[in-house]
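Chain and residue survey
Listed here are the chains, written in short residue letters.
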Amino acid sequence: MKRTGLFYCLNIRKKKGSHHMSFKALSDPIDFEQVKSLSKLTPEQKQLKAIRDQELKEIIEGKSEKILLLIGPCSAHNEEAVMEYVTRLAKLQEKVQDKIFMVPRVYTNKPRTNGDGYKGLLHQQNPEGKSNLIKGIAAVRSLHNRVISETGLTTADEMLYPENLEFVQDLVSYIAVGARSVEDQQHRFVASGIDQPTGMKNPTSGNLNVLFNSLYAAQQKQEFIFNGLEVESSSNPLAHVVLRGGLNEYGENNPNYHYEDLLKVVNLYKAGNYNNPFIVIDTNHDNSGKQYKEQIRIVKETLINRSWNTDMKKWVRGFMIESFLESGRQEADGKVFGQSITDPCLGWDETEELVNYIAEHV
């Protein structure tokens, strides 16, 4: 692009007056095309991903009645542990493929309420190491690629930073917008241009009107500035709601997976003009109060609730489950292979039992 007018002014000012800026450049400008050449999918992997993406689309559209499980560790902090987990998941997926479609959570950047703590593989390739985001981009692409090439499953990641979407969009099958991001206009608008199913979580307050405003924004075409360009998004008819519970003004948990809560969400879908009504229950976070074993009970209760209402049965067909090789959590310096260093997760045995239970009861 020829740098003229405003672009030229900004460029010159940046070069001459960089000491006045409040951001210090730590790298050269990132070349998106070069990034996409890292861990690129082979034609065979692209084909496999296209088949999985189509099946996932049909689940969201209601053409398939399968249950969607977005399942895996809270954060993908150790590549080998993630690969061991996903390899086991792929074998389990084969067993339950008539009833369940599993997308492993490979969450590579984590929201931190006060900005401290482990921020995910994108920032830190070693949980106790220094931040290196350029190396992080390569590590993130490599991990998503390994899951596809070594297990045949495709992945879900969280869009914490909208401008980073292009770093992973060709490799993932599902994108989540978190509770702290869902009220942000840039997240909503970028979600409106995503090809993949995009789960919009309710905000930490649990406010359903905010959630449905965000869903509406994601399902429309939007015009905005994205990565230095004026763009118009396509709209995202596969955007849908994810219920993760909330906190009231006293900091107490307000779960939103009970029958009455689901009925409210069903009615809000009916009252508006939304594409492809679909409801995912996040079984951890403020629904479980981070009591990770509660996830089992929450899934079982939801399966019963679905049977009492035809719209619920049709639309409540997704669960987000935090699960890893070992149950619970440890600190970032912990040495337990396959145990979470962020939120506590179900262990493998409990996970396998729960997935088989779902397959038998839907």
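Residues numbered from 1 in each chain as written. Predicted model: local features only at pLDDT ≥ 70, side-chain atom pairs only at ≥ 80, totals over all residues. Heavy atoms only, no water.

This part is about the overall build of the protein chain. On a plain count of helices and strands, the protein chain comes out with 13 helices and 12 strands. Relative to its length of 362 residues, the protein chain is compact, with a C-alpha radius of gyration of 20 Å against a globular reference of 21 Å. The buried share of the protein chain, taken over its 362 residues, is 52%. Here the protein chain has roughly 17,400 Å² of accessible surface; of this, 50% comes from carbon and sulfur atoms. Between the centroid of the 44 positive side chains of the protein chain and the centroid of its 47 negative side chains there is a distance of 5 Å. (Helix = DSSP H or I, 4+ residues; strand = E, 2+ residues; numbered from the N terminus. Rg over C-alpha atoms; globule rule 2.2 N^0.38 Å. Buried < 20%, exposed > 50% of the residue type's maximum accessible area, 1.4 Å probe, protein only. Areas by Shrake-Rupley, 256 points an atom, 1.4 Å probe, with all protein chains shown as cover. Lys, Arg positive; Asp, Glu negative; His and termini not counted. Charge placed at Lys NZ, Arg CZ, Asp CG, Glu CD.)

The eight strands are arranged β2-β1-β12-β11-β8-β5-β4-β3 in an open sheet whose pairing can be described as parallel. Edge positions in the sheet fall to β2 (100–104) and β3 (155–158), since each of these pairs with one other strand and no more. Taken over all neighbouring pairs, the strand axes of this sheet differ in orientation by 25 degrees on average, direction set aside. Inspection of the sheet shows strand β4 (residues 172–177) paired to strand β5 (residues 198–201) by three bridges, in the parallel sense. Note on β5: the bridge partner recorded for Val177 is Met200. The sheet strands contacting helix α13 (residues 348–361) are β1 (67–72), β2 and β12 (316–322), and the helix crosses β1 at an angle near 175 degrees. (Pairing = 2+ DSSP bridges. Axes fitted to C-alpha atoms, helices over the stretch in contact; angles between N-to-C directions. Contact = heavy atoms within 4.5 Å.)

Looking now at the side chain of Arg141. Note on placement: Arg141 falls in helix α5 (residues 133–151). You can call Arg141 buried: its relative accessible area is 0%. If we ignore the near neighbours within four places in the chain, the residues touching Arg141 are Val35, Lys36, Leu38, Ser39, Lys40, Phe167, Val168, Asp170 and Leu171.

Time to look at the side chain of Arg146. Within the secondary structure, Arg146 sits in helix α5. The class for Arg146 is buried, based on a relative accessible area of 18%. In this structure the side chain of Arg146 is engaged in a polar contact, spanning 2.7 Å, whose partner is the side chain of Glu150. Those residues in contact with Arg146 that lie beyond four places of it in its chain are Glu79, Glu80, Met83 and Thr151. (Polar contact = N/O pair within 3.5 Å; in protein donor to acceptor, adjacent residues only side chain to side chain.)

Right, let's talk about the environment of Val96 for a bit. Inspection of the secondary structure puts Val96 in the loop between α4 (79–95) and β2. Separated by 105 residues in sequence, Val96 and Lys201 place their C-alpha atoms 27 Å apart. When near neighbours in sequence (up to four residues on either side) are disregarded, Val96 contacts Met102, Val355, Asn356 and Ala359.

The contact between helix α8 (residues 208–218) and helix α9 (residues 259–271) brings their axes to 11 Å, and the two run at 40 degrees. One finds that α8 runs oblique with respect to α9. α8 and α9 meet at a crossing whose hand is right-handed. Contacts from Leu208, Asn209, Phe212 and Leu215 of α8 reach α9 at Lys264, Val265, Leu268 and Tyr269. Of the residues in the contact of α8 with α9, the class split is six nonpolar, one polar and one charged. (Parallel < 35°, antiparallel > 145°, perpendicular 65-115°, else oblique. Left-handed = near helix turned anticlockwise from the far one by under 90°. Nonpolar A, V, L, I, M, F, W, Y, C, P; charged D, E, K, R; others polar.)

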